[in-house]
Amino acid sequence: MSRSLAHKITMDDAENPSGSTTNGLQDIEWRISDSPVDYPDAIEFMEQRAADIYAGTAPETVWLLEHPPLYTAGTSAADDELLDHTRFPVYKTGRGGRYTYHGPGQRVAYVMMNLKNRGSDVRCYVHDLEEWVIRSLMQFNVIGERREGRVGIWVRRGAPSNPASREDKIAAIGVRIRRWVSFHGIAINVEPDLEHFDSIVPCGIAEHGVTSLWDLGITATTTDVDSVLKDTFEEVFGRK
């Protein structure tokens, strides 16, 4: 497993070959929260739903939501990457990756899937999450790209030949896998306050910036993004 991929995921007992290979519930359950969800409440739900998916008593789930302003520290987070300890609450989390901001105007998609039904291929799963984001951004005429050694999805600002050109991050990816069931997922910047990223080194990458759909001139709403995410999910994952 490459270092960049390892930074995206945390695997708990992922080599354990036991457990359900199918939960018998073929449809994805979509949950959409219209008001901000406290981070501990989201973690509690994901932990329980992942256990239920493993046991075969609940369907695979995609949960679209926003959080109040906060920072999360992934398993690779370094202390010096949190530049202001007092601005917003900070939560240590079991997902892969480093420091990430969540807040209003950012659409988070938590994906709870049984990867044993997808060939137990973690690399393929992370690639599919990236592809999901890329195809969703494309619906808004935004070209999102992967970058070797950098977690997340990136947007080029300006022509490569322009000395002032740069690349900004528009979406974050962080995954935890327990007994081959995934949770955590992706976060797309729709219209967050980009200054809120100033108190961390986002994903440990100081030499690049952060952007959003609105920063790029795309006046999409959260509802617009939700609709696109649902459509492109089926394209990528082959599940309704």
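Residues numbered from 1 in each chain as written. Predicted model: local features only at pLDDT ≥ 70, side-chain atom pairs only at ≥ 80, totals over all residues. Heavy atoms only, no water.

Undergrad: Which residues make up the pairing of strand β2 (residues 29–32), and what are the values?
TA: In this structure, β2 lies alongside strand β3 (residues 61–65), joined through four bridges in parallel fashion. In the sheet register, Ile32 faces β3, and the bridge partner there is Leu64. Crossover connection from β2 via helix α2 (residues 39–55) to parallel β3: handedness right-handed. (Pairing = 2+ DSSP bridges. Helix = DSSP H or I, 4+ residues; strand = E, 2+ residues; numbered from the N terminus. Right-handed = clockwise from strand over helix to strand, strands pointing away.)

Undergrad: Got a sec to walk through the nonpolar core? Specific residues and values, please.
TA: Counting residues in each nonpolar core, the largest one holds 37 residues, and the members touching the most others are Leu129, Trp132, Ile186 and Leu213. Tallying contributions element by element places helix α3 (residues 122–138) first for this core, with eight residues. Contact partners of Ile186, with chain neighbours within four places excluded, come to Arg107, Val108, Ala109, Leu129, Trp132, Val133, Ala172, Ile173 and Leu229. By size, the runner-up hydrophobic cluster in this structure holds 18 residues, among which are Tyr39, Met46, Leu65 and Tyr110. (Core = buried A, V, L, I, M, F, W, Y, C linked by side-chain atoms within 4.5 Å. Buried < 20%, exposed > 50% of the residue type's maximum accessible area, 1.4 Å probe, protein only. Contact = heavy atoms within 4.5 Å.)

Undergrad: Could you give an account of the environment of Ile173, naming the residues involved and the relevant values?
TA: When you line up the elements, Ile173 lands in strand β10 (residues 166–178). When the C-alpha positions of Ile173 and Ala187 are compared, they lie 6.6 Å apart, and in sequence the two are 14 residues distant.

Undergrad: I'd like to hear about the confidence of the model for the protein, residue by residue, with values.
TA: Interpreting fine coordinate detail is not advised for predicted regions of low pLDDT. With 88% of its residues at a pLDDT of at least 70, the protein reaches an overall mean of 88. In the model, residues 14–25 has pLDDT below 50 throughout and makes 27 contacts with residues more than four positions away in sequence or in other chains. (pLDDT = per-residue confidence, 0-100.)

Undergrad: Please set out the sheet that holds strand β5 (residues 90–92) residue by residue, giving values where relevant.
TA: Spatial ordering of the open sheet is given by β5-β4-β6, a layout of three strands whose pairing is mixed. Two strands bound the open sheet, and with one partner strand each, they are β5 and β6 (99–102). Taken over all neighbouring pairs, the strand axes of this sheet differ in orientation by 25° on average, direction set aside. Of the pairings in the sheet, the one linking strand β4 (residues 70–73) to β6 comprises four bridges and is antiparallel in character. (Axes fitted to C-alpha atoms, helices over the stretch in contact; angles between N-to-C directions.)

Undergrad: Which residues make up α3, and what values do they have?
TA: Note that an α-helix has 3.6 residues per turn; residues three or four places apart therefore point the same way. For α3, spanning 17 residues, the distance from its first C-alpha to its last is 24 Å, which sits close to the expected 24 Å at 1.5 Å a residue. Most of α3 is tucked away, with twelve of its 17 residues classed as buried. Looking at α3, one finds that the buried residues are Val122, Tyr125, Val126, Asp128, Leu129, Glu130, Glu131, Trp132, Val133, Ile134, Ser136 and Leu137. For α3, the capping residue at the N-terminal end is Asp121, with a side-chain oxygen 3.2 Å from the backbone nitrogen of Arg123. (Expected span 1.5 Å × (residues − 1). Polar contact = N/O pair within 3.5 Å; in protein donor to acceptor, adjacent residues only side chain to side chain.)

Undergrad: Let's hear about the pattern of salt bridges: which residues, and what values?
TA: Side chains that differ in sign of charge can pair as their charged atoms come close. Throughout the structure, instances matching the rule amount to 17 salt bridges. Across the pair Asp128 and Arg118 runs a salt bridge, and its minimum N-O distance is 2.8 Å. Within this pair, whereas Asp128 is found in helix α3, its partner Arg118 is found in the loop between β7 (106–112) and α3, the two being separated by ten residues in sequence. Here Arg146 makes a salt bridge to Glu130, at a shortest N to O gap of 2.7 Å. Of this pair, Arg146 sits in strand β8 (residues 145–147) while Glu130 sits in helix α3, and the two are 16 residues apart along the sequence. (Salt bridge = Lys/Arg side-chain N within 4 Å of Asp/Glu carboxyl O.)

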